[in-house]
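# Residue-level structure breakdown
Letter by letter, the chains look like this.
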Amino acid sequence: AMKGHVESRHCLGVVAFNNGTCELAVQHFMISAKMGDELSLNNIKKMFMKGLATEAQYAEALRGYGDAMEEMNSHQREEAKRLGF
């Protein structure tokens, strides 16, 4: 997880949440959301709606997730262009 495995980071967030350490859960979900993990983004949203995460944390996760999606889409467009599609 510490080396960038998105699913592992998400799982650490789930474990932290289940153990009642919400701030740690938010930190793990933030990292994986910023790497494009939609489940983590949704978990932060749910935590925000329950008052367990701040609006600023949710906004940061949303921006990071959007940036990750844009980066992936841009790479795919470039690759398709390179291949002549």
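Before going into details, it helps to say that this report is about the structure given with it. In every chain, residue numbers begin from 1 and rise along the written sequence. Whole-chain, interface and lining totals are the exception, using all residues; otherwise, since this is a predicted model, local features are given only for residues with pLDDT of at least 70 and side-chain atom pairs are given and counted only at 80 or more. As a rule here, side-chain values cover all heavy atoms of the structure and leave hydrogens and water aside.

Among the buried residues, those of types Ala, Val, Leu, Ile, Met, Phe, Trp, Tyr and Cys that are joined through side-chain atoms within 4.5 Å form a nonpolar core. Think of it in three bands: with a 1.4 Å probe and only protein chains considered, a residue is buried below 20% of the maximum accessible area for its type, exposed above 50%, and partly exposed in between. Ranked by size, the top nonpolar core spans 14 residues in total, and within it Leu41, Ile44, Met47 and Ala61 carry the most contacts. Mapped onto this core, the elements with two or more residues apiece are α2 (22-34), α3 (38-49) and α4 (55-82). Only DSSP runs of H or I covering at least 4 residues are called helices, and only runs of E covering at least 2 are called strands; the numbering of each starts at the N terminus. Here this core gets six residues from one element, more than from any other, and that element is α2. Beyond its immediate sequence surroundings of up to four residues, Ala61 is in contact with Met30, Ala33, Leu41 and Ile44. Throughout, a contact is declared for two residues whenever any of their heavy atoms are within 4.5 Å.

Here the focus is the environment of Lys81. Inspection of the secondary structure puts Lys81 in helix α4. You can call Lys81 exposed: its relative accessible area is 60%. Separated by 47 residues in the primary sequence, Lys81 and Lys34 place their C-alpha atoms 26 Å from one another.

Once that is clear, we can look at the environment of Gln27. Within the secondary structure, Gln27 sits in helix α2. Gln27 sits in the partly exposed class, given a relative accessible area of 42%. Note: C-alpha distance between Gln27 and Arg77 (50 residues apart in sequence) is 31 Å.

Once that is clear, we can look at α2. Here α2 is 13 residues long and its end C-alpha atoms lie 18 Å apart, about the 18 Å a rise of 1.5 Å per residue gives. For α2, the secondary structure elements touched by its buried residues are α1 (6-18), α3 and α4. Directly beyond the C-terminal end of α2, a positive phi value near 100 degrees is found at Gly36. Helix span, as expected, comes to 1.5 Å for every residue beyond the first.

For this analysis, a salt bridge means a side-chain nitrogen from Lys or Arg found within 4 Å of a carboxyl oxygen belonging to Asp or Glu. A complete count under the given rule lists one salt bridge for this structure. One salt bridge in this structure joins Glu60 and Lys34, with 2.4 Å as the shortest N-O distance. Taken together, the residues Glu60 in helix α4 and Lys34 in helix α2 connect sequence positions 26 residues apart. Owing to a relative accessible area of 36%, Lys34 belongs among the partly exposed residues under this scheme.

Between α1 and α3, whose axes approach to 10 Å, the crossing angle comes to 25 degrees. One way to sum up the angle between α1 and α3 is to call them roughly parallel. At the point where α1 passes α3, the crossing takes the left-handed sense. Of the residues in α3, those in contact with His10, Val14 and Phe17 of α1 are Leu39, Ser40, Asn43 and Met47. Note on residue categories: nonpolar means Ala, Val, Leu, Ile, Met, Phe, Trp, Tyr, Cys or Pro, charged means Asp, Glu, Lys or Arg, and polar means any other residue, Gly included. Class assignment for the residues of the contact of α1 with α3 results in four nonpolar, three polar and no charged. Orientation is described by axes fitted as lines to C-alpha atoms, over the contacting stretch for helices, and by angles from 0 to 180 degrees between their N-to-C directions. Reported orientations rely on four angle classes, namely roughly parallel under 35 degrees, roughly antiparallel over 145, roughly perpendicular from 65 to 115, and oblique for the rest. By the definition used in this description, the sense in which the near helix is turned from the far one sets the handedness, with an anticlockwise turn below a right angle giving left-handed and a clockwise turn giving right-handed.

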